[in-house]
Amino acid sequence: MINGQQIYDLIKKLYPIPRSITGEGVRQTLSLISEVIPLKVTEVPSGTKAFDWEVPMEWNIRDAWVKNSKGEKIINFKNSNLHVLNYSIPIQKKVGLAELKDHLYSLPDQPEWIPYRTSYHNLTWGFCVSHTQLENLKDEMYEVMIDSTLKPGSLTYGEYYIEGSTKQEVLISTHICHPSLANDNLSGIAVSAYLAKQLSEKKNNYSYRFLFIPVTIGSITWLSRNEAEVSRIKHGLVLTLLGDGSDFYYKRSRQGNTEIDKIVEKVLKDLGKAYKLLDFSPYGYDERQYCSPGFNLAVGRLTRKPHGEFPEYHTSADNLDFVKPEYLAESLDLITSITEVIETNKTYLNLNPKCEPQLGKRGLFKKVGGAGKTKDFHMALLWILNYSDGTHSLLDISNQSGLDFKLLHEAAKRLMDADLLQELN
Ligand code: ZN
């Protein structure tokens, strides 16, 4: 049984690593995930075409600082890897205050926090600082130094495949490219890794494919290399932002009414807590690529409060205090319930469709626990028999009858044992 502390401990280990969309930080991250589940790591060379895109140069960083005229390091990458604009080119030079300020990023609304900023496509350099620090900079000469490299290398991603009894797949995708930010995206990485571990210890009907990829360019690269197999993906979820205490948010697939959309809605409803459903929009995380019209996969996105909707988003305040073991555990439990419904949501055929079969003579009227439960179980048998005409899944029947999905699943098994029902998918 996996507990929230284990998930949190993985986040803690991953937190200090300076990550980006390529580079050693990604490799170190995948190697730590490999301590939980065996990952297959793929390196795709810089310059490789991926649909309309190209795998970028590999970026690595060792150190960076800004020194004041006294030679004191006033901004130091070693204190927070968020201080450096992600993908900064190497630089070492003396600058005046005005030039320095042209390369500084801060958050006037949150003056004590360091923002997270990237510049993947414009070759430039920069530092991210608290607004208070920026405001207090004196008019003097500064020395800036960024010890980074941006040169041909590769884009790295990790994959874990769990074979089930069918080749039909459930895709779980999470991004791995942000540096020291706990909720976005270390919570997604850690919850996915432990979900994978848990599923690998079960016998599953579906095969499960876990992707640990840099956002956008990672999913585009993966899709461009796996186009032929994509039709196996029956359901998918993009996972991120799962460690804070806010409500769950589910963003529907582009198709909007697929089985995974219905399953997640049902499980959220049964959780008995507030939640929000969002329609698809072509913005956000990697669901944008999986749901691009040329693929249009049944992939939704599960988060708690989405990106940009909480003040700590993409700042130094998205730290190890912002995520909690209990919320991580709750997220893993929810996704586990989703996979349980994915595994058991079958469509059946009633083999005795002309009038109701006699249940009593087949011993199907036995008491199952409390009196209320027996009545529900009896109703479950009748609902399944009536609606199992090959067009209604157990989930449809659960939604229509208001009966508990697990109870219906139990009833379907009993009807199968009594040769009254045949499984169709
Ligand atoms: Zn982000």
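The written sequence of each chain sets the order in which its residues are numbered from 1. Residue-level local features of this predicted model are given only where pLDDT is at least 70; pairs of side-chain atoms are given and counted only at 80 or more, and the full residue set underlies all totals for whole chains, interfaces and linings. Based on all heavy atoms of the structure, the side-chain values leave hydrogens and waters out of the count.

**Student:** In this structure, what is going on with the overall build of the protein? I would like to understand it.
**Tutor:** By definition, any uninterrupted DSSP run of H or I lasting at least four residues is a helix, any uninterrupted run of E lasting at least two residues is a strand, and each is numbered from the N terminus. Secondary structure summary: the protein contains twelve helices and 19 strands in total. With respect to the principal axes defined by its C-alpha atoms, the protein has extents near 95 × 40 × 35 Å. Whether a residue is buried, partly exposed or exposed follows from its accessible area with a 1.4 Å probe, protein chains only, as a fraction of its type maximum: under 20%, in between, or over 50%, in that order. Sorting the 425 residues of the protein into buried and exposed places 55% on the buried side. For the protein, restricting intrachain contacts to residue pairs at least 6 apart in sequence, the fraction spanning at least 24 positions comes to 79%. Of the roughly 18,500 Å² of accessible surface on the protein, a fraction of 49% belongs to carbon and sulfur atoms. A contact between two residues is defined here by any heavy atoms of the two lying within 4.5 Å. The Shrake-Rupley method, run with a 1.4 Å probe, gives the accessible areas here. Residue values count only the displayed protein chains as cover.

**Student:** Help me out: how do you make sense of the packing of helix 1 (residues 4-14) against helix 9 (residues 325-344) in this one?
**Tutor:** To characterise two packed helices, one gives the angle between the axes of the helices and the distance between these axes. Close contact between helix 1 and helix 9 brings their axes to 7 Å; oriented N to C, the two are set at 110 degrees. The pairing of helix 1 with helix 9 is recorded here as roughly perpendicular in orientation. Taking contact as the criterion, the partners of Gly4, Gln5, Ile7, Tyr8 and Ile11 in helix 1 are, on helix 9, Pro325, Leu328, Ala329 and Leu332. Partitioned by chemical class, the residues of the contact of helix 1 with helix 9 number seven nonpolar, two polar and no charged. Between N-to-C directions, angles span 0 to 180 degrees; the directions come from axes that are lines fitted to C-alpha atoms, helices contributing only their stretch in contact. Geometric relationships in this document are graded by angle, where less than 35 degrees denotes roughly parallel, more than 145 denotes roughly antiparallel, 65 to 115 denotes roughly perpendicular, and other angles denote oblique. Ten residue types, Ala, Val, Leu, Ile, Met, Phe, Trp, Tyr, Cys and Pro, are classed as nonpolar, four, Asp, Glu, Lys and Arg, as charged, and the remainder, Gly among them, as polar.

**Student:** For this particular structure, what's the right way to read the coordination of the zinc ion?
**Tutor:** Geometry sets the ideal angles at a metal, namely 109.5 degrees for four tetrahedral donors and 90 or 180 degrees for six octahedral donors. As a rule, N, O and S atoms within 2.8 Å of a metal are its donors, except that Na, K and Ca use 3.2 Å; water is not among the atoms, so sites may look incomplete. Protein ligation of the zinc ion involves His178 (NE2), Asp184 (OD) and His314 (NE2), the donor distances falling in the range 2.0 to 2.1 Å. Written as a sequence motif, the donor residues of the zinc ion are H-x5-D-x129-H. In this pair, Asp184 is assigned in helix 5 (residues 182-200) and His314 in the loop between strand 16 (299-303) and helix 9, connecting sequence segments 130 residues apart. Comparing Asp184 with His314, the two get one shared label, buried.

**Student:** What exactly am I supposed to notice about the pattern of salt bridges here?
**Tutor:** Think of it this way: side chains of opposite charge can pair up when their charged atoms draw near. Salt-bridge detection follows one rule: a side-chain nitrogen of Lys or Arg within 4 Å of a carboxyl oxygen of Asp or Glu. Inspection of the entire model under this criterion finds 24 salt bridges. With a shortest N-O distance of 2.7 Å, Glu54 and Lys49 are connected by a salt bridge. Linking Lys262 and Asp396 is a salt bridge whose minimum nitrogen-to-oxygen distance equals 3.7 Å. With Lys262 in helix 7 (residues 259-271) and Asp396 in helix 11 (residues 394-401), this pair connects stretches of sequence that are 134 residues apart. If you follow the salt bridges from partner to partner, you end up with Glu24, Arg27, Glu43 and Glu58 in one network.

**Student:** Quick question: what am I supposed to make of the layout of surface pockets here?
**Tutor:** Any empty space left between the atoms is revealed when a probe the size of a water molecule rolls over them. Only protein atoms enter the 1 Å grid used here. Points where a 1.4 Å probe fits but cannot escape make up a cavity, open sets with protein on both sides within 12 Å along at least five of seven lines make up a pocket, and a residue lines them when an atom lies within 4 Å of a point. Grid points are joined across faces, edges and corners, and a volume is the space filled by probe spheres set on the points. Approximately 580 Å³ is the volume found for the largest pocket. Taken together, 25 residues form the lining of the largest pocket, with Thr118, Tyr120, Val215, Thr216 and Arg288 sitting closest to its centre. Those elements giving two or more residues to the lining of the largest pocket turn out to be strand 3 (53-54) and helix 8 (287-290). Of the residues contributing to the lining of the largest pocket, the split by class is twelve nonpolar, nine polar and four charged. Approximately 340 Å³ is the volume found for the second largest pocket. Lining the second largest pocket are 16 residues, and of these Ser337, Glu340, Val341, Phe405 and Lys406 sit closest to its centre. Element by element, the count of residues in the lining of the second largest pocket is highest for helix 9, at seven residues. In terms of residue class, the lining of the second largest pocket is made up of five nonpolar, three polar and eight charged.

**Student:** Quick question: what am I supposed to make of the side chain of Ser187 here?
**Tutor:** Counting through the fold element by element, Ser187 comes out in helix 5. Not counting the four nearest positions on each side in its chain, Ser187 is found in contact with Ile11, Ala182, Thr240, Leu241, Leu242, Gly243 and Leu328.

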